[in-house]
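Examination of the molecular architecture
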Amino acid sequence: MIVVCIGCSSSDEKNGISYYYLLYGNQTNHFDTIKFSEFNKIDTADSLIAKDYFELNNQFHLITAYTSDDHAATDGGVFYYTLDSIGIIYHRSTTWRNFILLHSNNDSINKLISICLGRILIKPELKCYQCPSK
């Protein structure tokens, strides 16, 4: 697994930081990796759902939530979340039970991703794009 992850990483040359995505699904019991450079793209046709700020170590971070559900094929829609300093950190299907999560070789960045994911999970307004109030 480690060899695969290193082969699928993308580097921040200045800092020696590598990023890679792991695909988690319940259809099979294996994990797959996706290159950061191939996956970290925002489709301009996707809809903005919400934005949320949080503070970590005296620094503010912006989470932005998007969906492709309005224009995607049947059962092909996704939610994805970006972090202003990194890009896409979490991506999940609106239909299927799978998700993609960003990982890094840097503990501080992994902590930031974990806190951001926790924020996404506890804030309903980051997930509710069909709510009556929207």
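To start, this report covers the structure provided alongside it.

The rules behind these values
- Residues numbered from 1 in each chain as written.
- Predicted model: local features only at pLDDT ≥ 70, side-chain atom pairs only at ≥ 80, totals over all residues.
- Heavy atoms only, no water.
- Helix = DSSP H or I, 4+ residues; strand = E, 2+ residues; numbered from the N terminus.
- Buried < 20%, exposed > 50% of the residue type's maximum accessible area, 1.4 Å probe, protein only.
- Contact = heavy atoms within 4.5 Å.
- 1 Å grid on protein atoms, 1.4 Å probe; cavity = no way out; pocket = protein on both sides within 12 Å on 5 of 7 lines; lining within 4 Å.
- Points joined across faces, edges and corners; volume = space filled by probe spheres on them.
- Nonpolar A, V, L, I, M, F, W, Y, C, P; charged D, E, K, R; others polar.

Mapped onto the elements, Leu 56 comes out in strand β4 (residues 47-56). Residue classification places Leu 56 among the buried residues on the basis of a relative accessible area of 14%. Put simply, Leu 56 and Cys 116 are 60 residues apart on the chain and 9.7 Å apart in space, counted from C-alpha to C-alpha. The residues touching Leu 56, leaving out its near neighbours within four places in the chain, are His 61, Lys 111, Leu 112 and Ile 115.

Glancing now at the layout of surface pockets. Looking at the largest pocket, its volume works out to about 180 Å³. The wall of the largest pocket is formed by Leu 56, Asn 57, Gln 59, Phe 60, His 61, Asp 84, Ser 85, Ser 108, Lys 111 and Leu 112. Taken together, the elements giving at least two residues each to the lining of the largest pocket come down to β5 (59-67) and α3 (107-122). When its residues are assigned to classes, the lining of the largest pocket shows three nonpolar, five polar and two charged.

As far as function goes, none of this settles anything; it's purely spatial.
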